[in-house]
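Coordinate inspection notes
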Amino acid sequence: MHEMSIAQHIVELVENILSEHPGQTCRSVHLKIGELTAVVPESLTFAYQALTEDTPLASSSLTIESLPILAKCRDCNKVFSVQDFEFLCPHCSSHAIDIKQGEELHIEKLELVS
Amino acid sequence: MSIITIERKILEKNEDLAKSNREIFHQKNIWTLDLLSSPGAGKTALLEKTLEILKGTIQTAVIEGDVQTDNDAQRIAKHHVPVVQIITRGGCHLDARLIQDALNSLPLDEIELLFIENVGNLVCPAEFDLGETEKVVILSATEGDDKPLKYPLAFHKATTCILNKIDLLPYVEFDVRIFRENALKINPELNIFECSAKTGDGIETWTDWLIQKIKNA
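These notes cover the structure that comes with them.

1. A look at the overall build of chain B
Broken down by element type, chain B carries 8 helices and 8 strands. Against the globule reference of 17 Å for 217 residues, chain B gives a C-alpha radius of gyration of 18 Å, in line with a compact fold. Principal-axis analysis of the C-alpha atoms gives chain B an extent of 65 × 45 × 35 Å. Counting the 217 residues in chain B, one finds 47% classified as buried. Considering only intrachain contacts with a sequence separation of at least 6, the fraction spanning at least 24 residues in chain B is 76%.

2. Looking at the interface of chain A and chain B
Facing 24 residues of chain A, the contacting portion of chain B comprises 26 residues. Of all elements in the fold, only α1 (2-19) and β6 (105-113) of chain A reach the threshold of two or more residues within the side of chain A that touches chain B. For the side of chain A that touches chain B, the element with the most residues is β6(A), which contributes 9 residues. Grouping the constituent residues of the side of chain A that touches chain B by class yields 14 nonpolar, 5 polar and 5 charged.

3. Observations concerning the sheet that holds strand β1 (residues 2-9) of chain B
Strand order in the open sheet made by the 4 strands is β2(A)-β1(A)-β6(A)-β1(B), with mixed pairing throughout. What marks the edges here is a single partner per strand, and that holds for β2 (61-67) of chain A together with β1 of chain B. Each strand axis lies, on average, 20° off the axis of its neighbour in the sheet, ignoring direction. Pairing analysis gives 8 bridges linking strand β1 (residues 25-34) of chain A to β6(A), with the strands arranged antiparallel. Opposite A:Thr25, over in β6(A), you have A:Val113 as the bridge partner. Relative to β6(A), α1(A) is tilted by about 45°, and along the sheet it contacts β1 and β6 of chain A together with β1 of chain B.

4. Let's talk about the environment of A:Leu62
Residue and element names in this part refer to chain A. Position of leucine 62 relative to the elements: it lies in strand β2. Residues leucine 62 and glutamate 15, spaced 47 residues apart in sequence, show a C-alpha to C-alpha distance of 14 Å. With residues near it in sequence (within four places) discarded, leucine 62 still touches Val29, Leu31, Leu44, Thr45 and Tyr48.

5. Brief notes about the packing of α1(A) against helix α2 (residues 41-52) of chain A
The description of two helices packed together rests on the angle between their axes and the distance between the axes. All names here are of chain A. Between α1 and α2, the least distance of the axes is 8 Å, while the angle of their chain directions is 55°. For the element pair α1 / α2, the angle class is oblique. For the crossing formed where α1 meets α2, the hand is right-handed. Of α2, the residues touching α1 (which contributes Glu3, Met4, Ile6, Ala7, Gln8, Ile10 and Val11) are Ser43, Leu44, Ala47, Tyr48, Leu51 and Thr52.

6. Points about the nonpolar core
Counting 63 residues, the largest nonpolar core has B:Ile99, B:Ile116, B:Val137, B:Ile138 and B:Ala154 as the members making the most contacts within it. Sorting elements by how many residues they give to this core places helix α4 (residues 96-103) of chain B first, with 5 residues. Apart from residues lying up to four places away in sequence, B:Ala154 is in contact with B:Leu36, B:Leu122, B:Ala126 and B:Val137. Listed in part, the 20 residues of the second largest apolar core include A:Leu13, A:Val14, A:Val29 and A:Leu31.

So, how was this worked out
- Residues numbered from 1 in each chain as written.
- Chains lettered and ligands numbered in written order.
- Predicted model: local features only at pLDDT ≥ 70, side-chain atom pairs only at ≥ 80, totals over all residues.
- Helix = DSSP H or I, 4+ residues; strand = E, 2+ residues; numbered from the N terminus.
- Rg over C-alpha atoms; globule rule 2.2 N^0.38 Å.
- Buried ≥ 20, exposed ≤ 12 C-beta atoms within 10 Å, placed from the backbone.
- Contact = placed C-beta atoms within 7 Å.
- Nonpolar A, V, L, I, M, F, W, Y, C, P; charged D, E, K, R; others polar.
- Pairing = 2+ DSSP bridges.
- Axes fitted to C-alpha atoms, helices over the stretch in contact; angles between N-to-C directions.
- Parallel < 35°, antiparallel > 145°, perpendicular 65-115°, else oblique.
- Left-handed = near helix turned anticlockwise from the far one by under 90°.
- Core = buried A, V, L, I, M, F, W, Y, C linked by C-beta atoms within 7 Å.

Here you go:
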């Protein structure tokens, strides 16, 4: 259940940012979560709700965009989507690949209201 | 309504601390391994056997992570190496701050190889950078040859994998060939060892590799 720990980091970051915007409340937190992270969006939402209950963030919610795993082959230079965690280039069968997307655990933006 | 674009990493605080741990390890020339496994895969037993063999050859130390009890640290202390127990009190993984605190209790100038035994769990510890040099994932023959597919992140982040309890292979339905195929599908560069911490079978291939790494460091 590392979603709880990740949710704590989110709450802390959002609280810090809000302190720079006095008089505003947060309505929504937009996240980008790569599919290679073992984060379950439902568990993260649940943890965030549990942590923000009865706090100024109680009326805010998470909007989670899942990012599929993309990799680039070092041999044929093609970018491809990694299916079923098979880290193999579908074009030339090379194992020499670099992950380009899928490891993200990012806060992208906040929606604030006065 | 206003929208603020921030684009920040959620775990940036942990990453900053991990970076500072990594700098300490680099400065002190300590090679650090973060050991991940499910509960009961035999991490502590493997560590005990490893310490026994490395004794007198390499200066080692251990950080033990557990949800409760210092049982594992007591087992390690019998091998006369510096050991620090971190009790997470419910926390399912170690993080970079816990490691930073633990480092204050270790004689860093006298350590060549530091083992961090993470909390028994194959999901959460994979997500948190501790500043380690490498992650090592351990699984046992009783757990099933499809484990890499079920916990892809741990097998993807690790550089080395140890299949433990190979003495039980005749009694369980574990196909080593399928396991290897599954593990290498997730991580084609994974370095795999097969051993039994109980019988000692295969352990020296792993410890020879460790000695070689330290000598070349």
